[in-house]
Amino acid sequence: MRQRSSGSGLLGIEDLTRDEIQSILDRARDFQPRGDETFRRLELLRGKMVVNLFFEASTRTRTSFEIAARRLGADAVSITAQASSVTKGESLVDTLNTLAAMRPDAIIMRHASSGAPHFLQRYLDTPIINAGDGTHEHPTQALLDARTILDRGARLENLKVVIIGDIAHSRVARSNVYLLSRFGSRIVLCGPASLLPRELTQIAPGVTLTNDMDEAIRDADVIMMLRVQLERQHEASFPVNEYFQFYGLRLEHLRLAKPDVIVMHPGPINRGREISSEVADSQRSAILNQVENGIAVRMAVLERVLLGAREHAVANH
Ligand code: NCD
C-alpha cells in the first residue's frame, strides 16, 4: 500500500475554503433542471466509473450519487455492506483495496465510524468522497443545504440558522456548522443538554448553544430539523416520549421566526417525532427541494473530483 500525501476526493467541509464551496454551489446551479424537465443527460464523465460503498442505510444519498454519476455519463456501481465480503470478515482496508484494484475513478463511501474515509484515503490513490462518516461529517449534505438556501432567495452571509435536535450524533449539523460559519452566519444549536456537545462552539465564534426552542427560533432565517439518531445511542439520554413536546417543530413555532423562514430537514423525517406534518408539508418547507438539489450538488462534486477543480466551460447554458 502506498502512502498518499493529499487526497483529491472530498472528505469534509472542514477542508474546503469559502471560494471552493462557492464554486461547487455555482456549478451545481448549471446542473439544476429547468421547469418541469428532468436532470439533463450529459457526457462530461463518459468513460469514468464510480463505486458507491455504503456500510450504513441510505435512501437519498446513495440514490442521488448514483443518478448524478449516470446523468454525467459515468458508470456507477453500488455495493451495500450486507452484500459485501465485510460480512465474511474482510477488513475495511482489504475491502477498499479490492475495490480500488478494479480501477474506479472514485469511491463514494458511507461508514458508521467517524474518520473511516480519512483513514483509508491515506492508503489509497483512488479519491474518496465521504457520503457520511459516523457522527463526523456529511459534506455533500451541507452543500445541498446551502444550494437550497440560495435558491430560496437568501444569501449565506449573516443569516441566523438554528439547528434543532440530536446535534451530538449529527454529521449533518457539523458539516453545516463548518460551511455556514465560513460565510459568517450565526448558528444556534438547540436540543436537550445531553445532545448538545459544547465542542462545536469551538469551530467558529458565531456558534452558540441553547436548550430553549422558542429562544432559538426567534428571528431565525433558517430552521434545520434533525432526526434523533437512536441507532447511535446505547440508551436514550432524554425522555423519548416527551421529545416532541419540547423539541418538535410545530406551526406555532414558525410565527417566532422571520416571515420567510426556510424549514429544512436532511431526511429521513419522523413525522410527529421531531417535526409535525403541517410544517413538513407547508410552503415554508424546503425538504423536497433539498432532495432535488442533492443530485445537482453531487454532479458538481463528482465533476470536480473526477476532472479536477479547474474551470468548466462545457455544459453551461
Ligand atoms: C442523514 C445522514 O445519514 O447523515 N441523512 C441523509 O443523509 N440525508 C441524517 C439522518 O440519518 O438522520
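Whatever comes next refers back to the structure up there.
Rules and cut-offs
Residues numbered from 1 in each chain as written. Predicted model: local features only at pLDDT ≥ 70, side-chain atom pairs only at ≥ 80, totals over all residues. Heavy atoms only, no water. Helix = DSSP H or I, 4+ residues; strand = E, 2+ residues; numbered from the N terminus. Buried < 20%, exposed > 50% of the residue type's maximum accessible area, 1.4 Å probe, protein only. Contact = heavy atoms within 4.5 Å. Areas by Shrake-Rupley, 256 points an atom, 1.4 Å probe, with all protein chains shown as cover. Lys, Arg positive; Asp, Glu negative; His and termini not counted. Charge placed at Lys NZ, Arg CZ, Asp CG, Glu CD. Salt bridge = Lys/Arg side-chain N within 4 Å of Asp/Glu carboxyl O. Pairing = 2+ DSSP bridges. Axes fitted to C-alpha atoms, helices over the stretch in contact; angles between N-to-C directions. Phe/Tyr/Trp six-rings, centres within 6.5 Å; stacked < 30°, edge-to-face > 60°. Lys NZ or Arg CZ within 6 Å of the ring centre and 35° of its normal. Arc of directions from axis to C-beta. 1 Å grid on protein atoms, 1.4 Å probe; cavity = no way out; pocket = protein on both sides within 12 Å on 5 of 7 lines; lining within 4 Å. Points joined across faces, edges and corners; volume = space filled by probe spheres on them. Nonpolar A, V, L, I, M, F, W, Y, C, P; charged D, E, K, R; others polar. Parallel < 35°, antiparallel > 145°, perpendicular 65-115°, else oblique. Left-handed = near helix turned anticlockwise from the far one by under 90°. Near = heavy atom within 4 Å. Polar contact = N/O pair within 3.5 Å; in protein donor to acceptor, adjacent residues only side chain to side chain. Sits in = over half its atoms within 2 Å of the grid points. Domains from an automatic or database assignment.

Colleague: Quick one: what's the story with the overall build of the protein, residue by residue and with numbers?
Modeller: If you tally the helices and strands in the protein, you get 11 helices and nine strands. The proportion of buried residues among the 317 residues of the protein is 55%. Residue pairs in contact within the protein that sit at least 24 positions apart in sequence constitute 75% of those at least 6 positions apart. Of the roughly 14200 Å² of accessible surface on the protein, a fraction of 47% belongs to carbon and sulfur atoms. Side chains of the protein carry 39 positive and 39 negative charges; the gap between the two charge centres is 3 Å.

Colleague: Could you give me a rundown of the pattern of salt bridges, with the residues and numbers involved?
Modeller: The tally for this structure, following the rule as stated, stands at 15 salt bridges. The salt bridge involving E20 is made with R304; its shortest N-O contact spans 3.4 Å. Separated by 284 residues along the polypeptide, E20 in helix α1 (residues 18-31) and R304 in helix α11 (residues 287-307) bring together distant segments of the chain. You can call E20 partly exposed: its relative accessible area is 27%. A salt bridge links D221 to K258; the shortest N-O distance between them is 2.9 Å. A residue pair is termed long-range when its members are at least 10 positions apart, and D221 in the loop between α7 (213-217) and β8 (222-225) and K258 in the loop between α9 (251-254) and β9 (262-264) qualify at 37 residues.

Colleague: Kindly report on the sheet that holds strand β1 (residues 49-54), identifying the contributing residues and their values.
Modeller: Strand order in the open sheet made by the four strands is β2-β1-β3-β4, with parallel pairing throughout. Two strands in the sheet have a free side with no partner beyond their single neighbour: β2 (75-80) and β4 (128-133). Sheet twist, expressed as the average angle between the axes of neighbouring strands with direction ignored, equals 15 degrees. Seen against the sheet, helix α3 (residues 92-101) touches β1, β2, β3 (106-111) and β4 and runs at an angle of roughly 155 degrees to β3.

Colleague: Account for the packing of aromatic side chains, with residues named and values stated.
Modeller: This structure, assessed with the given rule, holds two aromatic pairs. Note on F119 and Y123: the rings are 5.4 Å apart at their centroids and 65 degrees apart in plane angle, and the pair reads as edge-to-face. Since its relative accessible area comes to 33%, F119 is described here as partly exposed. Summarising the aromatic geometry, the rings of Y243 and Y247 are spaced 5.8 Å apart at their centres and angled 40 degrees between planes, so their arrangement reads as tilted. Linking Y243 with Y247, this pair stays in helix α8 (residues 243-247), spanning four residues, or about one helical turn. Taken individually, Y243 and Y247 each receive the classification buried, so the pair is uniform in this respect. Positioned above the aromatic ring of F244 is the side chain of R250, whose terminal nitrogen or guanidinium carbon lies 5.4 Å from the ring centre. For the cation-ring pair, R298 lies above F65, with the distance from its terminal atom to the ring centre recorded as 5.0 Å.

Colleague: Describe α3, naming the residues involved and giving the relevant values.
Modeller: Every buried residue belonging to α3 is among V93, T95, L96, L99 and A100, and all of these are buried. In a view along the axis of α3, the buried residues occupy a sector of 160 degrees, so they form one face of it. Those residues of α3 that are buried lie in contact with β1, β2, β3, α4 (116-121) and β4. Phi turns positive one or two residues past the end of α3, at R103, with a value near 60 degrees.

Colleague: With reference to specific residues and values, describe empty space enclosed by the protein.
Modeller: Applying the stated criterion to the full structure yields two cavities of 30 Å³ or more. A volume near 60 Å³ is recorded for the largest cavity. Listed by contribution, the elements that provide at least two residues to the lining of the largest cavity are α2 (60-71), α5 (139-151) and α11. Residue contributions to the lining of the largest cavity peak at five residues, all from α11. Residues that form the lining of the largest cavity fall into these classes: four nonpolar, five polar and two charged.

Colleague: Break down the packing of α5 against helix α6 (residues 171-182) for me, citing the residues and quoting the values.
Modeller: Taken N-terminus to C-terminus, the directions of α5 and α6 make an angle of 55 degrees; their axes are 8 Å apart at the nearest point. By the criterion of interaxial angle, the relationship of α5 to α6 is oblique. Judged by the sense of rotation from one axis to the other, the crossing of α5 with α6 is right-handed. On the side of α5, the interface is formed by P139, Q141, A142, L143, D145, A146 and I149, while α6 contributes V172, S175, N176, L179 and L180. In terms of residue class, the contact of α5 with α6 is built from eight nonpolar, three polar and one charged.

Colleague: Hey, could you go over the site of the ligand for me, with residue numbers and the actual values?
Modeller: Close to the ligand lie R60, T61, R110, H138, Q141, R171, V172, R227, Q229, P266, G267 and P268, which account for all nearby residues. Within the side chain of H138, a nitrogen or oxygen atom sits 2.8 Å from an oxygen atom of the ligand. Within the side chain of Q141, an N or O atom sits 3.3 Å from a nitrogen atom of the ligand. For the ligand, the accessible surface in isolation is 320 Å², of which the surrounding protein chains cover 93%. At a threshold of 2 Å from the grid points, most atoms of the ligand map onto the largest pocket. Taken together, the elements giving at least two residues each to the shell around the ligand come down to α2 and α6. Of the residues in the shell around the ligand, the class split is three nonpolar, five polar and four charged. Of the residues that make up the shell around the ligand, three or more belong to each of domain 1 (13-138 + 291-312) and domain 2 (153-285).

None of this, on its own, says anything about what the molecule does.
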